[in-house]
Amino acid sequence: MDVSGYRAESTSTYGGEAYDLSVRHGISPMVQVAYRMNGNWDLEGGVRHDWMRWKLSPSLGPDDGSVRALTLALGAARHGAERTVPVLGAIRPLSSAALLWRFIDADLDGPAMDYRSGPGVEFAAGFTRDYWGLRAGLSYTHHDVSDVIAGATAEDLDLLGAFVRFTLFLGR
């Protein structure tokens, strides 16, 4: 499960007025599969359902709304040697990187009504312990505007997010 905060802004114009779209925060349930290549490296793949809140100012409809997306990820994680930490006990630190492809469904009430799916990257660091893990990181995806009201102009959307991911391991 990811909890994330986003820094994403896009400006569009319609009828001589500027509209600012900002994506603020999100929550993302994720299913991830990892193949343990050896004691230190995992090959990871996953699918995540992203739900993000946005704000359009000024609004052409409801003031706030949601953006839904489906994100595919393929990457690797490197685990360090086990260490004992007060309170947590025995943990294994990790770092990970992944390539992303995010299918976005915006349905916005503004001059830019939707964005195309797009590529991205993700970097994270954290630790694992017994049957659970915790990592924090950054993700970035780029989305071209795809549906614009006639006579409007719009910028592409770059989603930069910081996330915290809690993971439960099954079948370990």
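These figures come from a predicted structure and were not determined experimentally.

Reading guide: rules and limits
- Residues numbered from 1 in each chain as written.
- Predicted model: local features only at pLDDT ≥ 70, side-chain atom pairs only at ≥ 80, totals over all residues.
- Heavy atoms only, no water.
- Helix = DSSP H or I, 4+ residues; strand = E, 2+ residues; numbered from the N terminus.
- Buried < 20%, exposed > 50% of the residue type's maximum accessible area, 1.4 Å probe, protein only.
- Contact = heavy atoms within 4.5 Å.
- Areas by Shrake-Rupley, 256 points an atom, 1.4 Å probe, with all protein chains shown as cover.
- Lys, Arg positive; Asp, Glu negative; His and termini not counted.
- Charge placed at Lys NZ, Arg CZ, Asp CG, Glu CD.
- Phe/Tyr/Trp six-rings, centres within 6.5 Å; stacked < 30°, edge-to-face > 60°.
- Salt bridge = Lys/Arg side-chain N within 4 Å of Asp/Glu carboxyl O.
- pLDDT = per-residue confidence, 0-100.
- Patch = residues over 30% accessible without salt bridge, like charges linked within 9 Å, V, L, I, M, F, W, Y side chains within 5 Å.
- Core = buried A, V, L, I, M, F, W, Y, C linked by side-chain atoms within 4.5 Å.

Looking now at the overall build of the chain. Each helix and strand in the chain was counted, giving zero helices and 13 strands. Projected onto its principal axes, the C-alpha positions of the chain cover 60 × 30 × 20 Å. Burial analysis of the chain (172 residues in total) assigns 38% to the buried set. In the chain, the proportion of contacts linking residues at least 24 apart, taken out of those at least 6 apart, comes to 60%. Carbon and sulfur atoms provide 62% of the accessible area of the chain, an area that totals close to 9,100 Å². In the chain, 16 side chains carry a positive charge and 21 a negative one; their mean positions are 12 Å apart.

Summed over all chains, the structure comprises two aromatic pairs. Through a chain of ring-to-ring contacts, three or more aromatic side chains come together here, namely Phe127, Trp132 and Phe166.

This brings us to the pattern of salt bridges. Under the criterion given, the structure shown has seven salt bridges. Here Arg135 makes a salt bridge to Glu44, at a shortest N to O gap of 3.0 Å. With Arg135 in strand 10 (residues 132–143) and Glu44 in strand 4 (residues 41–57), this pair connects stretches of sequence that are 91 residues apart. Among the ionic pairs, Arg129 bridges to Asp130, the shortest N-O distance being 3.1 Å. Within this structure, Arg48, Asp50, Arg102, Glu122 and Arg165 form a network of salt bridges that share partners.

This paragraph deals with the side chain of Thr167. Relative to the assigned elements, Thr167 resides in strand 13 (residues 157–168). Apart from the residues lying within four places of it in its own chain, the contact partners of Thr167 are Tyr131, Trp132 and Gly133.

Before going further, it helps to examine the confidence of the model for the chain. In the predicted model, the chain carries a mean pLDDT of 84, and the fraction of residues at 70 or more is 93%. Ranking the elements of the chain by mean pLDDT puts strand 1 (residues 2–14) last with 75 and strand 9 (residues 118–129) first with 95.

The next point concerns the environment of Thr167. Thr167 sits in the buried class, given a relative accessible area of 19%. C-alpha separation for the pair Thr167 and Gly133, spaced 34 residues apart in sequence, amounts to 5.0 Å.

Take a nonpolar patch on the surface next. Taken together, the side chains of Val31, Val47, Leu70, Leu72, Trp101 and Phe103 define a hydrophobic patch exposed on the protein surface, amounting to about 500 Å² of accessible area. For the nonpolar patch, the secondary structure elements donating two or more residues are strand 5 (64–79) and strand 7 (89–105). Locating Val31 in the fold gives a position in strand 3 (residues 30–36).

By size, the foremost hydrophobic cluster in this structure holds 18 residues, and its most contacted members are Tyr115 and Leu159. Elements represented by at least two residues in this core include exactly strand 1, strand 2 (17–28), strand 4, strand 5, strand 8 (112–115) and strand 13. For Leu159, the contacting residues outside a window of four places in its chain are Tyr6, Ala8, Val23, Met52, Arg102, Ile104, Ser139, Tyr140, Thr141 and His143.

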